[in-house]
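Given next are the chains, with one letter for each unit.
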Amino acid sequence: MNRIVVGGASLAGLRACESLRTGGYTGTITLIGAEPHEPYDRPPLSKALLKGDWEPERVQLRKPAEIEGLGLDMRLGMVATAFDAASRVVTLQTGEAIAGDGVIIATGSAPRPLAGQPDLDGVVMLRTLDDSLDLRRRLADRPKVVVIGAGFIGLEVAATAAQTGCSVTVLEFAPAPMMRGLGAEMGEVVARVHDRNGVSVRCGVEVTDILGDDRVTGVVAGGEKYDADVVVVGVGVSPATQWLADSGLELRDGIVCNDSLCAAPGVYAAGDCARWVNNLFGEAGEEMRIEHWTNAAEQGAAAAANLLSDFAGVDPIPYAPVPFFWSDQFDSRIQFVGRAHGDDDVRVVMGDLDGKFVALYGHGGRLRGVLGVSLPRMVMPYRKLLVERASWDDAIRHAEEVAQRT
Ligand SMILES: Cc1cc2nc3c(=O)[nH]c(=O)nc-3n(C[C@H](O)[C@H](O)[C@H](O)COP(=O)(O)OP(=O)(O)OC[C@H]3O[C@@H](n4cnc5c(N)ncnc54)[C@H](O)[C@@H]3O)c2cc1C
């Protein structure tokens, strides 16, 4: 192979490039990234960088010399506008067409605006380094902040804004925060963390209007008006796949891949934009798309390794990880390993809900996920049980043994 094209120069794209080189690929790697920056880390954008504790240099994923060592044909500040899966040709905004013997798509995701979201000064969304620095400047004036959406990014912004001295209200349509990631019962527990720290979290309210002329002045939700100088819209992300509309790839809330991350011959996908079949879950595998750091890193490396296997005539390895994410809100470090569904049984097996604790999530007699709050060493050991598809009873027994030992 003479050239591999990697679309998206962030976590999954960078890990793909590194995995290609460690896998022995010596040909050209063209890495295309829409942002002008070298690959950087997003988690600090709602935490240490937003708070002002870190400066932008600290979020770089690799030192300049490490990037240079990869010997990339790097095209930053360059948007890929089209792709043809049959010929594996990527077209750039300049009209340049680049053909790859292999292509890895890692264009991530982008914040979803509200329907009819007005274009007012002070209404912002958070995804990029530039978004974070802009919001940080706004928070410095201690504005009244309304966060729309109590998902994990919205709640992290709320916590950081409160810690920088802003008054903060979070408005959420669902009955509890973080419903998708944690379910209702544990979502309530997260709401209490915010409550204790002075953030007002209003759930079960629908935002019907964002007010202002040039600048935002408030939000109407559930029939009430909330004054606001800054409104952060954090209602979720969509996979960045618009540029693939005519590519011939199957798109369904992400790029549809098989269990080895292959979307079409010689075309692989990784990170927030990839939808694939994880054989570790469900009877015949579960289709999933994950919007978290650990998956983007591992999947980028796996997609690249599978592309190289493919071209070497070796069977690619199915990508079947146990999903994991973390979120830092005030002093709470939330960690979740596995999958949560709305209908899970949830059992607290260690600690207490108003401090540090571990809770198991199970369904159909099997362990499905484990939540830990501020007990970092207690969560990852359950990964092994999830890989083994442990029964609910075995998981409870394990938890009891751990509790006895500690
Ligand atoms: C504020 C914030 C905080 C987070 N905190 C956590 C956390 O605490 N824990 C956790 O587990 N996860 C967290 N995440 C999620 C995690 O950062 C993402 O899952 C991860 O960044 C996904 O990596 P990716 O490479 O798939 O996509 P992205 O990081 O989205 O990168 C995709 C890149 O592709 C570029 N791109 C898109 N379209 C094109 C195109 N057409 N042409 C060229 N380039 C293109 C984009 O500009 C972008 O740079 C956070 C995310 C954000 C935004």
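All figures in this text were calculated on a predicted structure; none of them were measured in a lab.

About the thresholds
Residues numbered from 1 in each chain as written. Predicted model: local features only at pLDDT ≥ 70, side-chain atom pairs only at ≥ 80, totals over all residues. Heavy atoms only, no water. Pairing = 2+ DSSP bridges. Helix = DSSP H or I, 4+ residues; strand = E, 2+ residues; numbered from the N terminus. Axes fitted to C-alpha atoms, helices over the stretch in contact; angles between N-to-C directions. Core = buried A, V, L, I, M, F, W, Y, C linked by side-chain atoms within 4.5 Å. Buried < 20%, exposed > 50% of the residue type's maximum accessible area, 1.4 Å probe, protein only. Contact = heavy atoms within 4.5 Å.

Student: How would you summarise the sheet that holds strand β4 (residues 80–84) if you had to cite specific residues and measurements?
Tutor: Across the sheet, which stays open at both edges, the three strands sit in the order β4-β5-β6 with antiparallel pairing between neighbours. A strand with exactly one partner marks an edge of an open sheet, and here the two such strands are β4 and β6 (97–99). Put simply, the sheet's adjacent strands are angled 20 degrees from each other on average, direction ignored. As paired elements, β4 and strand β5 (residues 89–92) share four bridges and run antiparallel to each other. Across the sheet, the residue bridging to Ala80 is Leu92, located in β5.

Student: Report on the nonpolar core, specifying residues and quantitative values.
Tutor: Phe83, Ile104, Ile105 and Leu360 are the most contacted members of the largest nonpolar core, which totals 77 residues. Tallying contributions element by element places helix α7 (residues 293–311) first for this core, with seven residues. Once you skip the residues sitting within four places of it in the chain, Ile105 turns out to touch Gly7, Phe83, Trp243, Leu244, Leu249, Ile255, Val267, Tyr268, Ala269, Ala270 and Cys273. Counting 43 residues, the second-largest nonpolar core is a separate cluster that includes Leu45, Ala159, Ala162 and Met186.

Student: So what's going on with the sheet that holds strand β25 (residues 345–351)? Which residues, and what values?
Tutor: One open sheet holds the five strands; their spatial order is β23-β24-β27-β26-β25, and the pairing between them is antiparallel. A single partner strand is all that each edge strand has here, and the edge strands are β23 (324–329) and β25. Here the strands of the sheet are splayed against their neighbours by 20 degrees on average, with no regard to which way each runs. Pairing analysis gives six bridges linking β23 to strand β24 (residues 332–338), with the strands arranged antiparallel. Across the sheet, the residue bridging to Phe325 is Phe336, located in β24.

Just geometry here; none of it tells us what the structure is for.
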